[in-house]
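Report on the structure
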Amino acid sequence: MALACAVYWLAPYNADQLQARYGPPRLLFTGSQFLFTAAAGYALLLAPYFFVRSDPEACKSLRFFETVLRFVKSPRATLAAPLGHESRVAVLATLLKAFFAPLMAMQLMNFCVGALANGHAILHFGLTVDDLRSMFDRYIFWLVLQAILFIDVLIFTVGYLVESPRLGNQIRSVDPTLRGWAVALLCYPPFNIVTGAVLGSSTSDFPRFNDTTIHLTMNVMLLCLMVVYASAAVSLGWKASNLTHRGIVTRGAYAFVRHPAYTCKNLAWWIGAVPMVSAAFAQSVLGGLQALLSVGGLTALYLLRALTEEDHLRSVDGDYASYAERVRYRFIPGVV
């Protein structure tokens, strides 16, 4: 935990977020203060858990450090002998948690603070009919979006931080392929800098349209898609995390398509891309095509994520093949 927080804290990409101040005027705190306070609180909750367990066993992080020490002591011998299944899962799971846990915790704090701030602003906003779009643009949209993302990130944060037989979310395997890790990490900071540099940015979290009716309709549709997106995390429950196998989930939106979260996120991005793509085509056909390719590139990246996840699950659990036979479509029922 200390190493994970230290790496996150030292990364230049995170400097602005860690130095920024959050919260109400009388209770301001920095991102760094939140990160280390949250880590300390997690440690205080975690220590008693290991002491009171009736079936104590070596945790994955302990196996990780045993493997690292064995490598330091004898690099050639460690590399020559392939890791056993438990050691390989321990190493990959520890690296996975070390990367995602601080990232998810900081995002969770951001969405919580943002939602509370926008909710407070709405309560003190003098509303008239003429102010409806202004209020929607400035506060309502962001309150709803941040609340949706808070629920999604909360579930994933607990999924990364808590692994317990009682919750049925023990990590059985972690994708061991470089391809699987690469396509997943390219969707998250700081690696998404590369994604943005290659694909550009032709979409927006909050697209703006001149006509008020179209503007409200399109953005409400975007929020509805994000509700379904968050519902996929709710269906996963405490099994939610990237690159892991913790058991096949078939309830909720997963009863209709195999990747509902990816479908909804990408459809939301396509809605967000409409104004920018339209503006690009108004300037030139080439510019419009480039904008379309930018959004298409993001969709292609998530298609690769879906394919690598399925390859991993098929290789470690025969139940996934049965699930894929029952739920034939990956993204859109009756289409693909």
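For the structure itself, look to the data block above.
An account of the accompanying structure is given in this report. This structure is a prediction, so every number in the text was calculated from the model and none was measured.

Moving on: the overall build of the protein. When its secondary structure is counted, the protein shows 13 helices and four strands. The C-alpha atoms of the protein give a radius of gyration of 22 Å, which matches the 20 Å a tight globule of 336 residues would have. With the C-alpha coordinates aligned to their principal axes, the bounding extent of the protein is approximately 70 × 55 × 35 Å. Within the protein, buried positions represent 42% of all 336 residues. When contacts within the protein are restricted to residue pairs at least 6 apart in sequence, those whose partners lie at least 24 apart make up 75%. Counting only carbon and sulfur atoms, one obtains 67% of the accessible surface of the protein, whose full area is about 18,600 Å². Treating the 26 positive side-chain charges of the protein as one cloud and the 19 negative ones as another, the clouds have centres 6 Å apart.

Moving on, we come to the packing of aromatic side chains. Both the distance between ring centres and the angle between the ring planes are used here to describe each pair of aromatic rings. The tally for this structure, following the rule as stated, stands at 17 aromatic pairs. Ring geometry for Phe100 and Tyr160: centres 5.0 Å apart, planes at 5 degrees, overall stacked. Of this pair, Phe100 sits in helix 6 (residues 85-123) while Tyr160 sits in helix 7 (residues 132-161); the two residues are 60 residues apart in sequence, bridging distant segments of the chain. Here Phe100 matches Tyr160 in class, with each residue buried. In textbook terms, an aromatic cluster arises when at least three aromatic residues are bridged by ring pairs, as seen for Phe99, Phe100, Phe156, Tyr160, Tyr188 and Phe191.

Compared with an ideal rise of 1.5 Å per residue, which puts 22 residues at 32 Å, helix 3 (residues 31-52) spans 33 Å between its outermost C-alpha atoms and is within 8% of the ideal. All of the buried residues in helix 3 are Gly31, Ser32, Leu35 and Ala39. Down the axis of helix 3, the sector holding all buried residues measures 90 degrees, keeping them to one side. Residues of helix 3 that are exposed and point more than 90 degrees away from the buried face comprise Thr37, Leu44, Leu45, Phe51 and Val52. Tucked inside the fold, the buried residues of helix 3 contact helix 1 (2-10), helix 2 (15-19), strand 1 (21-22), strand 2 (29-30) and helix 6.

Attention now moves to the pattern of salt bridges. Within this structure, the stated rule accounts for 10 salt bridges. Measuring nitrogen to oxygen at the nearest pair gives 2.6 Å for the salt bridge that ties Lys60 to Glu163. One end of the pair, Lys60, is in helix 4 (residues 60-73); the other, Glu163, is in the loop between helix 7 and strand 3 (173-174), and 103 residues separate them in sequence. The exposure class of Glu163 is buried, given its relative accessible area of 17%. Across the salt bridge formed by Asp137 and Arg208, the nearest N and O atoms sit 3.4 Å from each other. One end of the pair, Asp137, is in helix 7; the other, Arg208, is in the loop between helix 9 (192-199) and helix 10 (212-236), and 71 residues separate them in sequence.

Our next topic: the state of the cysteines. All chains considered together, the criterion is met by zero disulfides. This cysteine, Cys5, is not joined by any disulfide, and Cys59 carries the nearest cysteine sulfur, 16 Å off. According to the relative accessible area criterion, Cys5 is buried, its value standing at 8%. With no disulfide of its own, Cys112 has Cys5 as its nearest cysteine by sulfur position, at a separation of 19 Å. The exposure class assigned to Cys112 is partly exposed, which follows from its relative accessible area of 30%.

Here Leu18 lies in helix 2. For Leu18, a relative accessible area of 3% translates into the label buried.

Below, the discussion takes up the nonpolar core. Within soluble globular proteins, side chains that are nonpolar tend to cluster in buried spots. Residues Phe100, Met104, Phe141, Phe156, Val174, Trp181 and Met226 are the most contacted members of the largest nonpolar core, which totals 66 residues. Residue contributions to this core peak at 11 residues, all from helix 6. Those residues in contact with Met104, other than ones at most four positions away along the chain, are Val153, Phe156, Thr157, Tyr160 and Tyr188.

All right, on to helix 6 then. The first and last C-alpha atoms of helix 6 sit 54 Å apart over 39 residues, in line with the 57 Å expected at 1.5 Å per residue. Along its length, helix 6 reaches its greatest deviation from straightness, about 25 degrees, at Phe100, and the proline Pro102 lies no more than four positions downstream.

Locating Asn266 in the fold gives a position in helix 11 (residues 260-283). As for Asn266 and Cys59, which are separated by 207 residues in sequence, their C-alpha atoms are 37 Å apart. Every residue in contact with Asn266, bar those within four places of it in the chain, is listed here: Leu298, Thr299 and Tyr302. At 3.1 Å, the side chain of Asn266 and the side chain of Thr299 are in polar contact.

The next point concerns the packing of helix 11 against helix 12 (residues 285-316). Put simply, helix 11 and helix 12 touch, their axes get as near as 8 Å, and they point 170 degrees apart. When the interaxial angle is binned, helix 11 and helix 12 end up roughly antiparallel.

Locating Ser204 in the fold gives a position in the loop between helix 9 and helix 10. At a separation of 3.0 Å, a polar atom in the side chain of Ser204 contacts the main-chain amide nitrogen of Phe206. If sequence neighbours within four positions are ignored, Ser204 has contacts with Gly272, Ala273 and Met276.

Quick notes on the rules
Residues numbered from 1 in each chain as written. Predicted model: local features only at pLDDT ≥ 70, side-chain atom pairs only at ≥ 80, totals over all residues. Heavy atoms only, no water. Helix = DSSP H or I, 4+ residues; strand = E, 2+ residues; numbered from the N terminus. Rg over C-alpha atoms; globule rule 2.2 N^0.38 Å. Buried < 20%, exposed > 50% of the residue type's maximum accessible area, 1.4 Å probe, protein only. Contact = heavy atoms within 4.5 Å. Areas by Shrake-Rupley, 256 points an atom, 1.4 Å probe, with all protein chains shown as cover. Lys, Arg positive; Asp, Glu negative; His and termini not counted. Charge placed at Lys NZ, Arg CZ, Asp CG, Glu CD. Phe/Tyr/Trp six-rings, centres within 6.5 Å; stacked < 30°, edge-to-face > 60°. Expected span 1.5 Å × (residues − 1). Arc of directions from axis to C-beta. Salt bridge = Lys/Arg side-chain N within 4 Å of Asp/Glu carboxyl O. Disulfide = S-S within 2.5 Å. Core = buried A, V, L, I, M, F, W, Y, C linked by side-chain atoms within 4.5 Å. Bend = angle between axes of the 7 residues up to and from the residue. Polar contact = N/O pair within 3.5 Å; in protein donor to acceptor, adjacent residues only side chain to side chain. Axes fitted to C-alpha atoms, helices over the stretch in contact; angles between N-to-C directions. Parallel < 35°, antiparallel > 145°, perpendicular 65-115°, else oblique.

Any functional reading would require information beyond the geometric quantities listed.
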